[in-house]
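The primary structure of each chain is shown beneath.
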Amino acid sequence: MFDLVLKNGYILTMDENFTEYKNGYVAIKDGKIVEVGEGKSEFEAKEVIDLNSNVVIPGLINTHTHAAMTLLRGYGSDNPLKVWLEQYIWPVEGKYVSYEFVKDGTDLACYEMIRNGITCFVDMYFYEDAVAQSVKEAGMKAVLTTGILDFPTPAAKTPEEGIQKTKDFILTYRQDKNIFPAIGPHAPYTCSPNTLVKAMEVAIEYNVLYHIHVSETQHEVQEIKNRYGNTPVKHLDSIGVLNERVLAAHMVHPTEEEIELLSEKNVKIAHCPESNLKLASGIAPIPKMLEKGVVVSLGTDGTASNDDLDLIGEASTAAKLHKGYNLNPTVLPARQVLAMITRQGAKAVMMEDKIGSIEVGKDADIVVIDVNQPHLQPLFDPYTQIVYSAKGLDVDTVIINGKVVMKNKVVQTVEKDKVLYIAKKWREKILNG
Ligand SMILES: [Zn+2]
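Residues numbered from 1 in each chain as written. Predicted model: local features only at pLDDT ≥ 70, side-chain atom pairs only at ≥ 80, totals over all residues. Heavy atoms only, no water.

**So, the overall build of the protein chain**
A tally of helices and strands in the protein chain yields 15 helices and 18 strands. Here the C-alpha atoms of the protein chain give a radius of gyration of 21 Å, agreeing with the 22 Å that 2.2 N^0.38 yields for 433 residues. In terms of principal-axis extent, the alpha carbons of the protein chain reach across some 65 × 45 × 40 Å. Put simply, the protein chain has 433 residues, and 61% of those count as buried. Sequence-distant contacts, at least 24 apart, represent 72% of the contacts inside the protein chain between residues at least 6 apart. (Helix = DSSP H or I, 4+ residues; strand = E, 2+ residues; numbered from the N terminus. Rg over C-alpha atoms; globule rule 2.2 N^0.38 Å. Buried < 20%, exposed > 50% of the residue type's maximum accessible area, 1.4 Å probe, protein only. Contact = heavy atoms within 4.5 Å.)

Here's what the structure looks like:
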């Protein structure tokens, strides 16, 4: 007796062989995938969903965001980076970031992510206990890190305090089935070598991910060169914090030598093309990294610099950006970018044994895309259709840990009217100072 069966679906398992079942089914029990296959139509199950030939993919994994920043969506856009940060983002964050702000912003983000088929995300912000609360209520999965910086933050007065709080957070949540605590030293230009090394000691001791922004802007590269005589990746390597548990966001300006290092040390990348474009940070050399075997996943970054949490849109941007920039239509084909937001995303967060593909034994984190719509027919190739024709809003059903969290485009776990009301209230508050 299964708990839930999805039948008559076009299943893209996104396993290593890109196995697909054109008239397939997925059977779920106790939150796990227990059978996947072709053709069967009679099942003993508590619930059977007939998919009407819609396309089924694994839950999408957003490997870099600052969820609560949904409350600053579109605020101060189109300014130079320095003006945007110093006159808009930082003053508002300084004044308002609190448990309440983070909880409200993350509720809004969780609604939007589920709506767009995202089942797991990596967050770096403050008040991660508020983020954890939102994630659990939404029934999502998340890798959560508190941003650790050398100057005072809403979370900690010193980096030592930030690291201690992260240790406590890890101990609180390490057994949780939704929350995957990790450590988040913000960046090489905001953390001293000592902070970076101490954070890595914690990552190793507690076996967690080490999430950090690296080589985002040319300004950062120059700053690190001035301070340490090295480019950012080489700097991290020289102090001994470059290894397989590093998930580096952005990586826009690595040198050839640094790309070799990333490959050799098995560092994972969270590529955020829309944020890099909007903030004019540059274009990351993703095809070169892929050529060297580096694991590349995709992140939306926060909505203040994107400005949405649509990973299907991000995949489309990534595919087209690198084709255009490299004058080569064969780089980043649709299958590869779809893998970046599923299987490779799971590798990036060290959870490939649990999520990222539709395979027996993995968590039942599953997304159904409604392809029975004029803009998605005729359907020759489901991979290209998802990447080039679909939007996040074409997601119809989302299942996480075997539980239906969105059905027929209606999110079940987060109340739409409530998050809208709260978002509008924050707008008033921020505008009226
Ligand atoms: Zn970021």
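That shown, we press on.
**Comments concerning the coordination of the zinc ion**
Six octahedral donors around a metal ideally subtend angles of 90 or 180 degrees, whereas four tetrahedral donors ideally subtend 109.5 degrees. Summarising the metal site, the zinc ion is bound by the protein donors His64 (NE2), His66 (NE2), His213 (NE2) and Asp301 (OD), whose distances to it range over 2.1 to 2.7 Å. Bound by four donor atoms, the zinc ion shows angles of 80 to 174° at the metal and therefore irregular coordination geometry. Sequence positions of the donors to the zinc ion reduce to the motif H-x1-H-x146-H-x87-D. In this pair, histidine 66 is assigned in the loop between strand E6 (60-65) and helix H1 (81-96) and aspartate 301 in the loop between strand E14 (296-298) and helix H11 (311-326), connecting sequence segments 235 residues apart. By relative accessible area, histidine 66 is classed as buried at 10%. Residue class for aspartate 301 comes out buried when judged on its relative accessible area of 5%. (Donors = N, O, S within 2.8 Å, 3.2 Å for Na, K, Ca; no water. Tetrahedral: all angles 85-135°; square planar, octahedral: opposite > 155°, others 65-115°.)

**Notes on the domain arrangement of the protein chain**
Domain boundaries in the protein chain define domain 1 (2-58 + 365-411) and domain 2 (60-348). Between domain 1 and domain 2, the C-alpha centre-to-centre distance is 29 Å. Summing the contributions of domain 1 and of domain 2, the shared interface buries around 2500 Å²; its carbon and sulfur component is 64%. Of all residues in domain 1, Met14, Val387 and Tyr388 give up the largest surface area on contact with domain 2, accounting jointly for 23% of the area buried on that side. On inspection of domain 1 and its partner domain 2, the count reaches three salt bridges. Glutamate 16 is the salt-bridge partner of lysine 347, the closest N and O atoms lying 3.2 Å from each other. Our count for the contact surface shared by domain 1 and domain 2 stands at eleven residue pairs in polar contact (both at pLDDT 80 or more). If you tally residues by element for the side of domain 1 that touches domain 2, the top one is helix H14 (residues 382-389), at five residues. Residue composition of the side of domain 1 that touches domain 2, by class: 20 nonpolar, three polar and six charged. (Domains from an automatic or database assignment. Buried area = accessible area lost by both parts, 1.4 Å probe. Salt bridge = Lys/Arg side-chain N within 4 Å of Asp/Glu carboxyl O. Polar contact = N/O pair within 3.5 Å; in protein donor to acceptor, adjacent residues only side chain to side chain. Nonpolar A, V, L, I, M, F, W, Y, C, P; charged D, E, K, R; others polar.)

**Describing the pattern of salt bridges**
Taken as a whole, this structure holds 24 salt bridges when the rule is applied. Here lysine 32 and aspartate 363 are joined by a salt bridge, their closest N and O atoms 2.8 Å apart. Separated by 331 residues along the polypeptide, lysine 32 in strand E3 (residues 32-38) and aspartate 363 in the loop between helix H13 (343-348) and strand E15 (366-369) bring together distant segments of the chain. Taking relative accessible area as the criterion, aspartate 363 reaches 5% and is therefore assigned buried.

**Brief notes about the UniProt feature "binding site: substrate" (unreviewed entry) in the protein chain**
In the numbering used here, UniProt assigns the "binding site: substrate" (unreviewed entry) feature to Glu93, His186, Glu216 and Asp301. Within the element layout of this structure, glutamate 93 appears in helix H1. In this structure, glutamate 93 is in contact with Met69, Leu72 and Tyr125, ignoring residues within four places of it in sequence. Among the structural elements, glutamate 216 can be located in the loop between strand E11 (210-214) and helix H6 (218-228). Setting aside residues no more than four positions away along its own chain, glutamate 216 makes contact with His250, Val252, His253, Leu279 and Ser281. (UniProt positions renumbered as here; feature names shortened; annotations may be inferred.)

**Overview of the packing of aromatic side chains**
Counting across every chain of the model gives seven aromatic pairs. Measuring from ring centre to ring centre gives 6.1 Å for tyrosine 96 and tryptophan 426, while their planes differ by 85°; the resulting arrangement is edge-to-face. With a gap of 330 residues between them, tyrosine 96 in helix H1 and tryptophan 426 in helix H15 (residues 416-431) connect regions that are remote in the sequence. On the accessibility criterion, tryptophan 426 (4% relative accessible area) is buried. For the ring pair phenylalanine 169 and tyrosine 173, a centre distance of 4.8 Å and an interplane angle of 50° mean the geometry is tilted. Placement of the pair is phenylalanine 169 and tyrosine 173 together in helix H4 (residues 159-173), with a separation of four residues, close to one helical turn. Under the relative-accessibility criterion, tyrosine 173 is labelled buried at 15%. An aromatic cluster is built from Tyr96, Phe101 and Trp426, whose rings are joined through pairwise contacts. (Phe/Tyr/Trp six-rings, centres within 6.5 Å; stacked < 30°, edge-to-face > 60°.)

**Re the nonpolar core**
If you look at the biggest cluster of nonpolar residues, it comprises 125 residues, and the most contacted ones within it are Phe101, Phe121, Met140, Tyr210 and Met289. The dominant element in this core, judged by the number of residues it contributes, is helix H2 (residues 99-115), at eight residues. Residue contributions to this core reach at least three from each of two domains, namely domain 1 (2-58 + 365-411) and domain 2 (60-348). For phenylalanine 121, the contacting residues outside a window of four places in its chain are Asn62, Thr65, Ala67, Cys110, Met113, Val131, Val135, Met140, Lys141, Ala142, Val143 and Leu144. (Core = buried A, V, L, I, M, F, W, Y, C linked by side-chain atoms within 4.5 Å.)

**Considerations on the state of the cysteines**
In a disulfide, the sulfur atoms of two cysteines are covalently bonded to one another. Inspection of the entire model under this criterion finds zero disulfides. Sulfur of cysteine 110: no disulfide; nearest cysteine sulfur belongs to cysteine 120 and is 11 Å away. Here cysteine 191 is not disulfide-linked; the sulfur of cysteine 272 is the nearest cysteine sulfur, at 18 Å. (Disulfide = S-S within 2.5 Å.)

**A word on H14**
Every buried residue of H14 is accounted for by Pro382, Tyr383, Gln385, Ile386 and Val387. Of the surrounding secondary structure, the elements contacted by the buried residues of H14 are strand E1 (2-12), strand E2 (20-29), strand E5 (55-58), H11, helix H12 (334-340) and E15. A side-chain oxygen of the first residue of H14 lies 2.8 Å from the backbone nitrogen of tyrosine 383; this N-cap is aspartate 381.

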